[in-house]
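# Inside the fold
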Amino acid sequence: MRTTLAAAMLSFTALFITSACSPLLASEQPDLFEYEGAEVGNNSAVFNTLNRLTGAQHFNGFELETKQRPYGIIASYDWAEAESSNKEAAVHNATYLFTLIDNVEWIQFDFDTGAGVEQYRLSREQLQDWYELDLTGIDEQKKLEELLKEHLDEDQKIDELLTES
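Now for a quick tour of the structure. (Residues numbered from 1 in each chain as written. Predicted model: local features only at pLDDT ≥ 70, side-chain atom pairs only at ≥ 80, totals over all residues. Heavy atoms only, no water.)

### Description of the packing of helix 4 (residues 86-100) against helix 6 (residues 141-151)
One can describe the packing of helix 4 onto helix 6 by two numbers: an axis separation of 11 Å at closest approach and a directional angle of 145 degrees. Viewed along their axes, helix 4 and helix 6 form a crossing whose handedness is right-handed. Residue-level contacts link His-92, Thr-95, Tyr-96 and Thr-99 of helix 4 to Gln-141, Leu-144, Glu-145 and Leu-148 of helix 6. Tallied by class, the residues present in the contact of helix 4 with helix 6 amount to three nonpolar, four polar and one charged. (Axes fitted to C-alpha atoms, helices over the stretch in contact; angles between N-to-C directions. Helix = DSSP H or I, 4+ residues; strand = E, 2+ residues; numbered from the N terminus. Left-handed = near helix turned anticlockwise from the far one by under 90°. Contact = heavy atoms within 4.5 Å. Nonpolar A, V, L, I, M, F, W, Y, C, P; charged D, E, K, R; others polar.)

Given below as structure tokens:
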């Protein structure tokens, strides 16, 4: 009886561990739209959003500029070990933040590349002009991802956008 119980417990433990490590669970995208309508003053919403966006594994911290309008966010990244483009990450993350956070008017990204800090600052107006779209009208993550896919494959356009800033 004891060996049967031990075997059952071992099987249950193995099943539990393998299901917890399932690639299906790991590949699920977080629903960032749970923070839709947040404001710059909501530290938790801003942190949780930044911590789920592109480059989150390199995210160092953020500052909120809320003392006077226009309100803004400064996000810092340790990009020395990153393999992806910091320019693309800046546009991607700014798009999400402007869509989800109602009162943010500008966002600055500081990427420490190891050779120095590359800084990109985008305003809501500038990014919406680039997309030719009011980002506050997007209410689903799928629609936002389609918009990003459509625009982030053109490096020259991204360079032009970030040069304006």
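### So, the pattern of salt bridges
Within this structure, the stated rule accounts for four salt bridges. Notably, a salt bridge pairs Arg-52 with Glu-34, separated by 3.1 Å at the nearest N-O pair. On the criterion of sequence distance, the pair formed by Arg-52 in the loop between helix 3 (43-50) and strand 1 (59-65) and Glu-34 in the loop between helix 2 (23-27) and helix 3 is long-range, its members being 18 residues apart. According to the relative accessible area criterion, Arg-52 is partly exposed, its value standing at 34%. On the basis of relative accessible area, Glu-34 is assigned to the exposed category, the value being 51%. Measuring nitrogen to oxygen at the nearest pair gives 3.4 Å for the salt bridge that ties Asp-139 to Lys-143. (Salt bridge = Lys/Arg side-chain N within 4 Å of Asp/Glu carboxyl O. Buried < 20%, exposed > 50% of the residue type's maximum accessible area, 1.4 Å probe, protein only.)

### Remarks on the sheet that holds strand 1
The strand order across the open sheet formed by four strands is 1-2-3-4, and the pairing between neighbours is mixed. The open sheet has two edge strands, strand 1 and strand 4 (117-123), and neither has a second partner. Across the sheet, the mean angle separating the axes of adjacent strands is 15 degrees when strand polarity is ignored. The strands that helix 4 touches are strand 2 (72-78), strand 3 (106-112) and strand 4; relative to strand 3, the one it contacts most, it runs at about 150 degrees. (Pairing = 2+ DSSP bridges.)

### Things to note about the pairing of strand 1
Pairing between strand 1 and strand 2: six bridges, direction antiparallel. Directly across from Gly-61, in strand 2, lies its bridge partner Ser-76. Linking strand 1 to strand 2, which pair antiparallel, is a turn of six residues.

### Quick notes on helix 5 (residues 124-131)
For helix 5, a buried count of six out of eight residues is recorded, marking the element as mostly surrounded by other parts of the structure. Buried within helix 5 are the following residues: Arg-124, Gln-126, Leu-127, Gln-128, Trp-130 and Tyr-131. Its buried side turned inward, helix 5 meets helix 4, strand 4, helix 6 and helix 7 (155-164).

### Some remarks on the nonpolar core
Grouped together as the largest cluster of nonpolar side chains are 43 residues, with contacts concentrated most on Leu-50, Val-91, Ile-101, Phe-109 and Leu-127. Counting only elements with at least two residues in this core, the list comes to helix 3, strand 2, helix 4, strand 3, strand 4, helix 5, helix 6 and helix 7. Here the element with the most residues in this core is helix 4; it accounts for eight residues. Every residue in contact with Val-91, bar those within four places of it in the chain, is listed here: Leu-122, Leu-127, Trp-130, Tyr-131, Leu-152, Ile-158, Leu-161 and Leu-162. (Core = buried A, V, L, I, M, F, W, Y, C linked by side-chain atoms within 4.5 Å.)

### Comments concerning helix 7
What helix 7 keeps buried is the set Ile-158, Leu-161 and Leu-162. The arc that holds every buried residue of helix 7, seen down its axis, measures 90 degrees, which confines them to one face. Facing away from the buried side of helix 7 by more than 90 degrees, the exposed set consists of Gln-156, Thr-163 and Glu-164. Residues of helix 7 that are buried make contact with helix 4, strand 4, helix 5 and helix 6. (Arc of directions from axis to C-beta.)

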